[in-house]
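# Tertiary structure, described
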Amino acid sequence: MNKKRILLVGLCLITCSAGALARQDGQWGWTLGFDYSEGDYGNPQETEILYVPLTARYDTGRWTFRATLPWVSIEGPGGVVPELGNVQGRTGKARREESGIGDGVGSATYNLSPGGGPAPIIDLTGKVKLPTASESRGLGTGEVDLAGQVDFYKPIAPDTTGLLTLGYTILGDPPGVTLRNVFYGSFGAVYQIDEAVSIGASFDFRQRVIAGGEPQRELLGFVGYRRDRYWRVQGYVVQGLSDGSPDWGVGAVAIREY
């Protein structure tokens, strides 16, 4: 999943249920989301992307394991790949419309610090992206990617939690394209209005994935709602600030725990 959607899921779990403090050994859960975005990515034509991920999660001790498989639809000129953006620079390729299974993602998260009082919650995560999407149809790169990240959640004021994510991705190179390994991150804050509702914002960034390309810069605003201990939902809007990002986007995430 794109880093901003991973952050959203983490935000919903942390701010709506006390995060790592609420984890139960042997607990299962699933997440269903959607993300729609539009942008030109430096091309003359707009690209529209719909991303619908389904994620299974399992908590045991300090560990959380996730497996995600998305459905993806993309319409626009060639060279734009879901999750990465424009990997071929400015192109005049004909407009195309494709849809199908996207790249699967598996991750393992270790809760290094469960927080409590002024202490932050700290999570360490390793991820692998599997090339289950069709490279020939422009739904993926056809290569394995590896990533590692650290997430911090720290109270900074009554009912307000500061958020920080730092990560690094090793990108596999598809035929004819050299992708750069990149640092990425996010920082922001979430405010708990009451026991059920939270709001917040973050700034997301990522280095350029090709030489001469554009870095990713995005502003994200979100609202979360906790129905009960089993159901949580979150919606968000995205404003892109560079050609490495979509011009705008909207999305939502629903979480069910057992």
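If you're wondering where the values come from, they're calculated on a predicted model, not measured in any experiment.

Residue position: tyrosine 191 is located in strand 11 (residues 182-192). Placed 33 residues apart in sequence, tyrosine 191 and proline 158 show a C-alpha to C-alpha distance of 8.7 Å. Other than its neighbours up to four places away in sequence, tyrosine 191 contacts Pro158, Asp159, Thr160, Val197, Ser198 and Ile199.

For the rest of this paragraph, the subject is the confidence of the model for the protein chain. Mean pLDDT over the protein chain works out to 86, with 88% of the residues at or above the 70 mark. Considering only residues more than four positions removed or in separate chains, one finds that residues 16-22, a stretch of pLDDT under 50, has 17 contacts.

With that settled, consider a nonpolar patch on the surface. Side chains of Leu130, Val144, Leu146, Tyr168, Ile170 and Phe183 sit close together on the surface and give an oily, nonpolar patch of about 530 Å² of accessible area. Mapped onto the fold, valine 144 is located in the loop between strand 8 (119-130) and strand 9 (145-157). Looking at valine 144, the relative accessible area reads 42%, which means it is partly exposed.

All chains considered together, the criterion is met by six salt bridges. Notably, a salt bridge pairs arginine 137 with glutamate 98, separated by 3.1 Å at the nearest N-O pair. Residue arginine 137 is located in the loop between strand 8 and strand 9, and its partner glutamate 98 is located in strand 6 (residues 95-101); the two are separated by 39 residues in the primary sequence. The exposure class assigned to arginine 137 is partly exposed, which follows from its relative accessible area of 35%.

Within the largest apolar cluster, nine residues are counted, these being Val81, Leu84, Val87, Leu171, Val177, Leu179, Val182, Val209 and Ile210. Excluding residues that lie within four positions of it along the chain, leucine 179 makes contacts with Leu84, Val87, Thr141, Leu171, Gly172, Asp173, Pro174, Val209 and Ile210.

Bringing the pairing of strand 11 into the picture now. For strand 10 (residues 160-170) and strand 11, the ladder comprises 10 bridges, and the chain directions are antiparallel. Bridge pairing in strand 11 links threonine 160 to tyrosine 191. Examined bridge by bridge, strand 11 and strand 12 (residues 197-206) share nine bridges and lie antiparallel to one another. Among the inter-strand pairings, glycine 188 is bridged to a residue of strand 12, identified as serine 202. Connecting strand 11 to the antiparallel partner strand 12 that follows it, the hairpin turn spans four residues.

What counts, and where the lines are drawn
Sequence order sets the numbering: in each chain, residues are counted from 1 along the sequence as written. With pLDDT at 70 or above as the cut-off, local features in this predicted model cover only qualifying residues; side-chain atom pairs require 80 or more to be listed or tallied, and sums for whole chains, interfaces and linings still use all residues. With hydrogens and water stripped out, all remaining heavy atoms of the structure feed into the side-chain values. To qualify as a helix, a DSSP run of H or I must reach at least 4 residues; to qualify as a strand, a run of E must reach at least 2; elements of each kind are numbered from the N terminus. We call two residues in contact when some of their heavy atoms are within 4.5 Å. pLDDT expresses, on a scale from 0 to 100, how confident the predictor is about each individual residue. Patches in this entry comprise residues that are over 30% relatively accessible and not in a salt bridge; like charges within 9 Å are linked, as are nonpolar side chains (Val, Leu, Ile, Met, Phe, Trp, Tyr) within 5 Å. Accessibility throughout is a Shrake-Rupley quantity obtained with a 1.4 Å probe, and a residue counts as covered only by protein chains that appear here. By definition here, a salt bridge exists when the distance from a side-chain nitrogen of Lys or Arg to a carboxyl oxygen of Asp or Glu is within 4 Å. For the exposure calls, accessible area comes from a 1.4 Å probe over protein chains only, and a residue counts as buried if that area is under 20% of its type's maximum, exposed if over 50%, partly exposed in between. For this analysis, a nonpolar core means a set of buried residues of the types Ala, Val, Leu, Ile, Met, Phe, Trp, Tyr and Cys, connected via side-chain atoms within 4.5 Å. We treat two strands as partners when DSSP finds at least two bridges between them.

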